Amino acid sequence: MEVYIVQSKANLIVSSIMMVIIGIFFIVDKDLALDIGFIVAGISLIIVGLVPMIQAKDMNLFCVLLIVLGLFLILIPSFFSDVAKIILGVVAILVGGLMTLNSFKAEEKNPKIIGLLVGILIIVAGVSILLDMDIAFQLFGGVMLVAGILNLMTLYSMR
């Protein structure tokens, strides 16, 4: 049990530090943050593709595809970040629209108002992402930064 708790604390420390770093990257430069994210994802895909082939000493089509996709992510991360921003913006607008429409179905006044406000905010975030405005990503970075700091403070107080 004690080993599990130590590992859980270590994982929480690492994830909290990563949240702070990611938050800072998104606040400072969203394009750099997205590019770094896709490069890390590309490296991960290459590793995930190579390990089974090395262990099995056999070529596997799925593993080769993972390696090729990983190379593309590393070589042209800005293309993938542009595509991801478009998809994220469209999805945010659709989700915000659905939340706004669903808010009108609420029976009570408070859930109706909260649902309407949240839906509109998500639509605004989606439009700002599509217009390549930094505000949505900076807000996300701020949330990540604050959450990471709060996690670290909680861990510190638990000592």
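Please read these numbers as outputs of a predicted model, since none were measured by experiment.

Caption draft 1: Structural detail: the overall build of the protein. In terms of regular secondary structure, the protein is built from six helices and zero strands. For 159 residues, the compact-globule formula gives about 15 Å, and the C-alpha radius of gyration of the protein, at 20 Å, lies well above that figure. Across its three principal axes, the protein shows a C-alpha extent of roughly 65 × 45 × 35 Å. Expressed as a percentage of the 159 residues in the protein, the buried residues total 24%. Contacts spanning at least 24 positions in sequence make up 66% of the contacts within the protein whose residues lie at least 6 apart. Put simply, the protein shows about 10800 Å² of open surface, and 78% of that area lies on carbon and sulfur atoms. Charge separation in the protein, taken as the distance between the mean sites of 8 positive and 10 negative side-chain charges, equals 9 Å.

Caption draft 2: Broad picture of unusual backbone geometry. Residue Lys-57 is not a glycine yet carries a positive backbone phi of 50°. By the secondary structure assignment, Lys-57 is in the loop between α2 (30-56) and α3 (61-75). Even without being a glycine, Asp-132 presents a positive backbone phi close to 60°. Here Asp-132 shows up in the loop between α5 (109-130) and α6 (135-157).

Caption draft 3: Quick look at the packing of aromatic side chains. Taken as a whole and assessed by the stated rule, the structure comprises four aromatic pairs. Relative to Phe-137, the ring of Phe-26 has its centre 5.9 Å away and its plane inclined at 5°; by these criteria the two rings are stacked. A residue pair is termed long-range when its members are at least 10 positions apart, and Phe-26 in helix α1 (residues 2-28) and Phe-137 in helix α6 qualify at 111 residues. Each member of the pair Phe-26 and Phe-137 is classed as buried. Judged by centre distance (5.1 Å) and plane angle (85°), the ring pair of Phe-26 and Phe-140 falls under edge-to-face. You can see Phe-26 sitting in helix α1 and its partner Phe-140 sitting in helix α6, a full 114 residues away along the chain. Residue classification places Phe-26 among the buried residues on the basis of a relative accessible area of 10%. In this structure an aromatic cluster arises from ring pairing among Phe-26, Phe-137 and Phe-140.

Caption draft 4: Representation of the environment of Glu-108. If you trace the backbone, Glu-108 turns up in the loop between α4 (77-103) and α5. Glu-108 sits 95 residues away from Ile-13 along the chain, and the two C-alpha atoms are 41 Å apart.

Caption draft 5: Expanded view of α2. For α2, built from 27 residues, the straight-helix expectation of 39 Å at 1.5 Å per residue is met to within 8% by its first-to-last C-alpha distance of 39 Å. For α2, the set of buried residues is Lys-30, Ala-33, Leu-34, Asp-35, Gly-42, Ile-46, Gly-49 and Met-53. Two or three places before Asp-31, at the opening of α2, Asp-29 has a side-chain oxygen 3.2 Å from that residue's backbone nitrogen. Downstream of α2 by a residue or two, Lys-57 has a phi angle that is positive, lying close to 50°.

Caption draft 6: Inspection of the confidence of the model for the protein at higher detail. Residues at a pLDDT of 70 or more form 94% of the protein, whose mean pLDDT is 86. The secondary-structure element of the protein with the lowest mean pLDDT is α1, recorded at 80, while α3 shows the highest, at 93.

Caption draft 7: Looking closely at the pattern of salt bridges. Tallied over the full model, the rule gives six salt bridges. Measuring nitrogen to oxygen at the nearest pair gives 3.3 Å for the salt bridge that ties Asp-31 to Lys-30. The exposure class of Asp-31 is partly exposed, given its relative accessible area of 31%. Residue Lys-30 is classed as buried on the basis of its relative accessible area, which comes to 4%. Of the charged contacts, one joins Asp-132 and Lys-30 as a salt bridge, the two residues approaching to 3.0 Å between their closest N and O atoms. Placement of the pair is Asp-132 in the loop between α5 and α6 and Lys-30 in helix α2, with a sequence separation of 102 residues.

Thresholds, definitions, all that
- Residues numbered from 1 in each chain as written.
- Predicted model: local features only at pLDDT ≥ 70, side-chain atom pairs only at ≥ 80, totals over all residues.
- Heavy atoms only, no water.
- Helix = DSSP H or I, 4+ residues; strand = E, 2+ residues; numbered from the N terminus.
- Rg over C-alpha atoms; globule rule 2.2 N^0.38 Å.
- Buried < 20%, exposed > 50% of the residue type's maximum accessible area, 1.4 Å probe, protein only.
- Contact = heavy atoms within 4.5 Å.
- Areas by Shrake-Rupley, 256 points an atom, 1.4 Å probe, with all protein chains shown as cover.
- Lys, Arg positive; Asp, Glu negative; His and termini not counted.
- Charge placed at Lys NZ, Arg CZ, Asp CG, Glu CD.
- Phe/Tyr/Trp six-rings, centres within 6.5 Å; stacked < 30°, edge-to-face > 60°.
- Expected span 1.5 Å × (residues − 1).
- Polar contact = N/O pair within 3.5 Å; in protein donor to acceptor, adjacent residues only side chain to side chain.
- pLDDT = per-residue confidence, 0-100.
- Salt bridge = Lys/Arg side-chain N within 4 Å of Asp/Glu carboxyl O.

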